[in-house]
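Residues per chain, in single letters:
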Amino acid sequence: MYIYDGTWEDLVKVISWLLKEKRKPFQIKEETQYENNLLTPPFKPVINKENVIAKNYFPKEVLKISYYVFLSNEKDKELIIYYFLLNSLKYQKNVLYMRNLKCVNKALTISNRVSREAHKWKGFLRFKEMQNNIFFAEFNADNNILGILANHFKKRLPKEKWVIKDEKRDILCLYDQKNCYFLEGKEIKLDLNINNEEKNMEELWKSFFKTIAIKERVNKKCQQNFMPKKYWPNILEMEDEQ
Amino acid sequence: MTLKEKLEILADSAKYDASCSSSGSARKNKNGIGNGAISGICHSFSSDGRCISLLKILMTNCCIFDCKYCINRKSNQVRRALFTPEEIATLTINFYKRNYIEGLFLSSGIIKSPDYTMEKMIETISLLRNKYHFNGYIHAKAIPGASEYLIQKLGLLVDRLSANIELPTENGLTLLAPDKNTSKVTEIMSFVKKKKSKVFTPAGQSTQMIIGATSETDLDIMSKSSNLYQTYQLKRVFYSAYIAVNKDKNLPSSKMPPLKRENRLYQADWLLRYYNFKVDDLLEKENPNFNILVDPKADWALRHLEEFPKEINKASYYDLVKVPGIGPTSAKKIISSRRFFTIHFSDLRKMGISLKRAKYFILCDGKYFANISCFQKSFITSNLILEEKEEKKERVTQLSLFYEGK
């Protein structure tokens, strides 16, 4: 059993070391998550430049897919990444087409799932303006997509101050018109009183939402297909539907 | 009149426009607010199952025209409203900051003259782009009959510009929209085609046709679309099932919009754009309408069974996309994978390719999914019709056709 500190950088380091040393891991786990087990005591390798495979040895696309797998909630994601990277040493970029290999297929499927969920939330996230003029949004996702969302909104709303909260993991991203800061819920207390104008704006949006539907074409099943119920608690205009 | 009332009137009158896409523009945020997402982003779905990505409104629903199918025709007694440029700009910005929308879709009834209307629209959009530094997606309707220099000006401000052809034939237009004529619309289209660049309508142009208000066949409609795609390089033709909002002796009285027909037209439209199909492949003079029971590609395949089953490990790209159930994405996956290994049915499943319909038309490494004696028209047809019914139960017909796709 090998352990890493929970960050992407450290995971890549540990895997690169395993690959260089030609060791086959039985398990790779986050430090904080491993359960003490006398049979397989945890091992944290000492890593230096010489005993790992350089990061730029892996094709960019392969690293990106691995990173998305890392963000997923898949149980054995570290091992999947290990085997995916192992195969990429042999096949380089072509590994992306080797769907007949179980680990490749898994990595591609999971990475797809993560990017699809992030894409959905890029659309469904709803900000509210608080009294202090900070925009606040919460979401509830299966995978750890806060970083992807933060990056998206940093480009889009660079001149606002905003906070995005991942409810499930209780982590937040604060943006101060310049940088993103990632915090745990317990590290900060937010003043969540909404701005006076906010209710007004919400009413305008809700009435637009109702008006834009063509009643001769109503098809709630189709609506729910594209916007499944699990998103509704965070989507303002669906409040009245529940 | 309150802002909310105005919004209700002017969203209500804009809702019949089918276009919703926000894709095709990668506009960067230049020191302001907003940017374009090349793949487009859907922000919500209304109760009719259509995607909402833009604040879709008319600038005004006052109109000097009297088109028979239109709710805003001059002779209708409806409440009229007019947004000021400032109102539209602040609504857009406020909705955008809350991530309700990807941008603005602005159309308008015609007030005073086409030029006057266009000038007002340009004023609104300039305000957004220049005062509010808004770099999100903007789709504007060009007003037929407006001067070229105004279209030029508007095209430089927006991501997509479109002019609606409204009806598939000139006869239909003369009958229902006596104030409009096709050539004014196509003049705009050829101008936009000529000028299109990274700064002029980067997301290109689209148009819309009303389906079922006049007597055209599917063949007429598809021929028109194919012609529009070829001549003006449109990104999309949207089809809008006719909804009876007015009574007129020249209009059909049916209450139900022809949704299934609209769906078939969208399916066929994709076959023209991404699958290398020609209108003649899909429809013929003796049989000018689509089969309601099976989709156009399956219908074609059933009429050309001699071309099937196709060997997945050998068929060319354009042969692969002819297989019902296999689209461009799946075909590309197959081609890039089979260089490295022989593809079996289980591999297709792993690639996430649905075999529901495809399995009747393919061989994997020489094998058919069932006994090859099943490869018969009657067997496949009945199964495909069953599949479609099943699909309708669980998925409903509007499908992902309102997405722009890649």
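Computed from a predicted structure; not experimentally measured. (Residues numbered from 1 in each chain as written. Chains lettered and ligands numbered in written order. Predicted model: local features only at pLDDT ≥ 70, side-chain atom pairs only at ≥ 80, totals over all residues.)

### A short note on the overall build of chain A
Helix and strand counts for chain A stand at 7 helices and 7 strands. When the helices and strands of chain A are placed in sequence order, the string is β-α-β-α-α-α-β-β-α-β-β-β-α-α. Dimensions of chain A, computed from the C-alpha atoms along their principal axes, are close to 60 × 45 × 35 Å. Burial analysis of chain A (242 residues in total) assigns 36% to the buried set. A sequence separation of at least 24 residues applies to 65% of the contacts in chain A between residues at least 6 apart. (Helix = DSSP H or I, 4+ residues; strand = E, 2+ residues; numbered from the N terminus. Buried ≥ 20, exposed ≤ 12 C-beta atoms within 10 Å, placed from the backbone. Contact = placed C-beta atoms within 7 Å.)

### Focus on the pairing of strand β6 (residues 171-176) of chain A
All names here are of chain A. As judged from the 6 bridges shared by strand β5 (residues 161-166) and β6, these two strands associate in the antiparallel manner. Residue pairing across strands places Val163 opposite Leu174, the latter belonging to β6. Hairpin connection, β5 to β6: the antiparallel pair is bridged by 4 residues, and Asp170 has positive phi, about 50°. Direction of pairing for β6 relative to strand β7 (residues 180-184): antiparallel, over a ladder of 5 bridges. (Pairing = 2+ DSSP bridges.)

### A few points about the interface of chain A and chain B
Between chain A and chain B, the contact holds 42 residues from the first and 42 residues from the second. Only α4 (102-124), α5 (146-156), α6 (198-211) and α7 (220-226) of chain A provide two or more residues apiece to the side of chain A that touches chain B. With 8 residues, α6(A) is the largest single contributor of residues to the side of chain A that touches chain B. Of the residues belonging to the side of chain A that touches chain B, the class tally is 20 nonpolar, 9 polar and 13 charged. (Nonpolar A, V, L, I, M, F, W, Y, C, P; charged D, E, K, R; others polar.)

### Looking at the packing of α6(A) against helix α1 (residues 3-12) of chain B
In the contact formed by α6(A) and α1(B), the axes pass within 9 Å of each other and the chain directions differ by 25°. Taken together, the axes of α6(A) and α1(B) lie roughly parallel to each other. Seen from above, α6(A) lies across α1(B) with right-handed handedness. Packed against α6(A), whose contacting residues are A:Glu203, A:Leu204, A:Ser207, A:Phe208 and A:Thr211, the element α1(B) presents B:Leu3, B:Lys4, B:Leu7, B:Glu8, B:Ala11 and B:Asp12 at the interface. Residues of the contact of α6(A) with α1(B), tallied by class, amount to 5 nonpolar, 2 polar and 4 charged. (Axes fitted to C-alpha atoms, helices over the stretch in contact; angles between N-to-C directions. Parallel < 35°, antiparallel > 145°, perpendicular 65-115°, else oblique. Left-handed = near helix turned anticlockwise from the far one by under 90°.)

### Observations regarding the domain arrangement of chain B
Residues and elements named next belong to chain B. Taken domain by domain, chain B comprises domain 1 (3-282) and domain 2 (296-401). In this structure, domain 1 and domain 2 have C-alpha centres spaced 35 Å apart. Contacts between the two partners involve 14 residues from domain 1 and, on the opposite side, 10 residues from domain 2. Contributions of two or more residues to the side of domain 1 that touches domain 2 are made by α8 (259-274) and α9 (279-282). (Domains from an automatic or database assignment.)

### Observations regarding the environment of A:Trp205
If you trace the backbone, A:Trp205 turns up in helix α6. In the structure, A:Trp205 is positioned 144 residues away from A:Glu61 in sequence and 39 Å away in space, judged by C-alpha atoms. Residues within four places of A:Trp205 in sequence aside, it is in contact with A:Leu236, A:Glu237, B:Phe95 and B:Tyr100.

### A short note on unusual backbone geometry
In this chain, B:Phe308 is followed by B:Pro309 through a cis amide linkage whose omega measures -10°. Among the secondary structure elements, B:Pro309 is positioned in the loop between α10 (296-303) and β9 (310-311). Despite not being glycine, A:Lys22 has its phi angle at roughly 55°, a positive value. Looking at the secondary structure, you find A:Lys22 in the loop between α1 (8-20) and β2 (28-30). Phi at B:Asp365 takes a positive value of approximately 50°, unusual for a residue other than glycine. Within the secondary structure, B:Asp365 sits in the loop between β10 (362-363) and α14 (377-395).

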